[in-house]
Amino acid sequence: MHLPVQSESELRALERRYVSRSQVGPLRLRYLKIMGVNALRDGEPRRSLLMQSLAEDARQITDDELDCLLTSEWRSRLTAAWLIGLDHRTQFRDRIGSLLHDGALMKAGAGYAFALARFGQDLDAELLARGLERRLSTPEPFYEQHFVTGALLYLDGQLGTDRAAGILGRSWQQPVTDQQVRERFKGYMKQLCAFADECMLQAPGTPE
């Protein structure tokens, strides 16, 4: 997608501010810190510093800036999805669901799954289920299947539903992850959502 020069310049500035923001530790760029389960790997004081910077930006970034990042490449989309999930920007629910369903860029899908798991409602579980069905029914590689499955299993547990079993018990064009992997990624999603809760307690303006 070609953007006007001014828009490209604005996008690059947003990417420097939010996506490639320098962090403490071996993985110095923010998008690397939140890719996969990397956010769970740091010990103190790196963990607290990461939480502080994520909470600060999740509160400060505007909806227009998030919308701009969601039009860019996977690093920007991953970061935007995380910030959306952290701050419960549920106005992006349908947009996140559509991006997950379309599956245009690999790696960003883990961020979409996190955001929907963080929202935590029946609507979000339904979007995860639709995205999972859509992606499993096509021959294109589904690199984020573990995270989407884990998010749906996590929400099934939270909501008392059983959407994942009805999907994973069927035959698809894509191979379905085995039970051990599913449970591991369900656990990861639970930990990521707990990380997000702890993170946002550090955000300015958060009630005591």
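Residues numbered from 1 in each chain as written. Predicted model: local features only at pLDDT ≥ 70, side-chain atom pairs only at ≥ 80, totals over all residues. Heavy atoms only, no water.

Draft legend 1. Fine view of the overall build of the protein. A count of helices and strands for the protein gives 11 helices and 0 strands. By the compact-globule yardstick of 17 Å for 208 residues, the protein fits well, its C-alpha radius of gyration being 17 Å. Across its three principal directions, the C-alpha atoms of the protein cover 45 × 45 × 30 Å. A total of 208 residues make up the protein; the buried ones form 50% of that total. In the protein, 73% of the contacts between residues at least 6 apart in sequence involve partners at least 24 apart. On the protein, the mean spot of the 27 positive side-chain charges and the mean spot of the 28 negative ones are 5 Å from each other. (Helix = DSSP H or I, 4+ residues; strand = E, 2+ residues; numbered from the N terminus. Rg over C-alpha atoms; globule rule 2.2 N^0.38 Å. Buried < 20%, exposed > 50% of the residue type's maximum accessible area, 1.4 Å probe, protein only. Contact = heavy atoms within 4.5 Å. Lys, Arg positive; Asp, Glu negative; His and termini not counted. Charge placed at Lys NZ, Arg CZ, Asp CG, Glu CD.)

Draft legend 2. Examining the packing of helix H7 (residues 108-119) against helix H9 (residues 145-159) more closely. H9 packs onto H7 with a crossing angle of 10 degrees between their chain directions and a minimal axis gap of 8 Å. Put simply, H7 runs roughly parallel to H9. From H7, Ala110, Ala113, Leu116 and Ala117 reach across to H9, where they touch Phe147, Val148, Ala151, Tyr154 and Leu155. Its residues assigned to classes, the contact of H7 with H9 comprises 9 nonpolar, no polar and no charged. (Axes fitted to C-alpha atoms, helices over the stretch in contact; angles between N-to-C directions. Parallel < 35°, antiparallel > 145°, perpendicular 65-115°, else oblique. Nonpolar A, V, L, I, M, F, W, Y, C, P; charged D, E, K, R; others polar.)

Draft legend 3. Broad picture of the environment of His101. Turning to its location among the elements, His101 is positioned in helix H6 (residues 93-102). Spatially, the C-alpha atoms of His101 and Ala55 are 27 Å apart, while their sequence positions differ by 46 residues.

Draft legend 4. Up close: unusual backbone geometry. Across the junction of Glu44 and Pro45, the peptide omega takes the value 5 degrees, indicating a cis bond. For Pro45, the position within the fold is in the loop between helix H2 (30-34) and helix H3 (46-60).

Draft legend 5. Representation of empty space enclosed by the protein in the model. Scanning the entire structure with this criterion turns up 1 cavity of 30 Å³ or more. Each pocket or cavity is described by its volume, and for the largest cavity that value is around 30 Å³. Along its surface, the largest cavity is lined by Ile34, Gly36, Trp82, Ala110, Phe114, Phe147, Met189 and Leu192. Those elements that place two or more of their residues in the lining of the largest cavity are H7 and helix H11 (179-200). (1 Å grid on protein atoms, 1.4 Å probe; cavity = no way out; pocket = protein on both sides within 12 Å on 5 of 7 lines; lining within 4 Å. Points joined across faces, edges and corners; volume = space filled by probe spheres on them.)

Draft legend 6. Spatial organisation of the nonpolar core. In terms of nonpolar packing, the biggest core is built from 65 residues, with Leu54, Trp82, Leu86, Ile96, Leu128 and Met189 touching the most fellow members. Met189 has contacts with Ala113, Phe114, Ala117, Phe147, Gly150, Ala151 and Tyr154, leaving out every residue within four places of it along the chain. (Core = buried A, V, L, I, M, F, W, Y, C linked by side-chain atoms within 4.5 Å.)

Draft legend 7. Main features of the pattern of salt bridges. Summed over the entire model, instances satisfying the criterion amount to 20 salt bridges. Glu126 is the partner of Arg130 in a salt bridge, and the nearest nitrogen-oxygen pair spans 3.5 Å. In this pair, Arg130 and Glu126 are both assigned in helix H8 (residues 122-136), 4 residues apart and thus about one turn of the helix distant. For Arg130, a relative accessible area of 47% translates into the label partly exposed. Take Glu126: its relative accessible area is 28%, and that puts it in the partly exposed class. Where Glu144 meets Arg135, a salt bridge forms, and the shortest distance between an N and an O atom there is 3.3 Å. By relative accessible area, which is 4% here, Glu144 ends up buried. (Salt bridge = Lys/Arg side-chain N within 4 Å of Asp/Glu carboxyl O.)

Draft legend 8. Examining H3 more closely. Here H3 spans 21 Å end to end across 15 residues, near enough to the 21 Å set by a 1.5 Å rise per residue. Those residues of H3 that fall on the buried side of the exposure criterion are Arg47, Leu50, Met51, Ser53, Leu54, Ala55, Asp57 and Ala58. (Expected span 1.5 Å × (residues − 1).)

In short, the description is geometric, and any link to function would need to be established separately.
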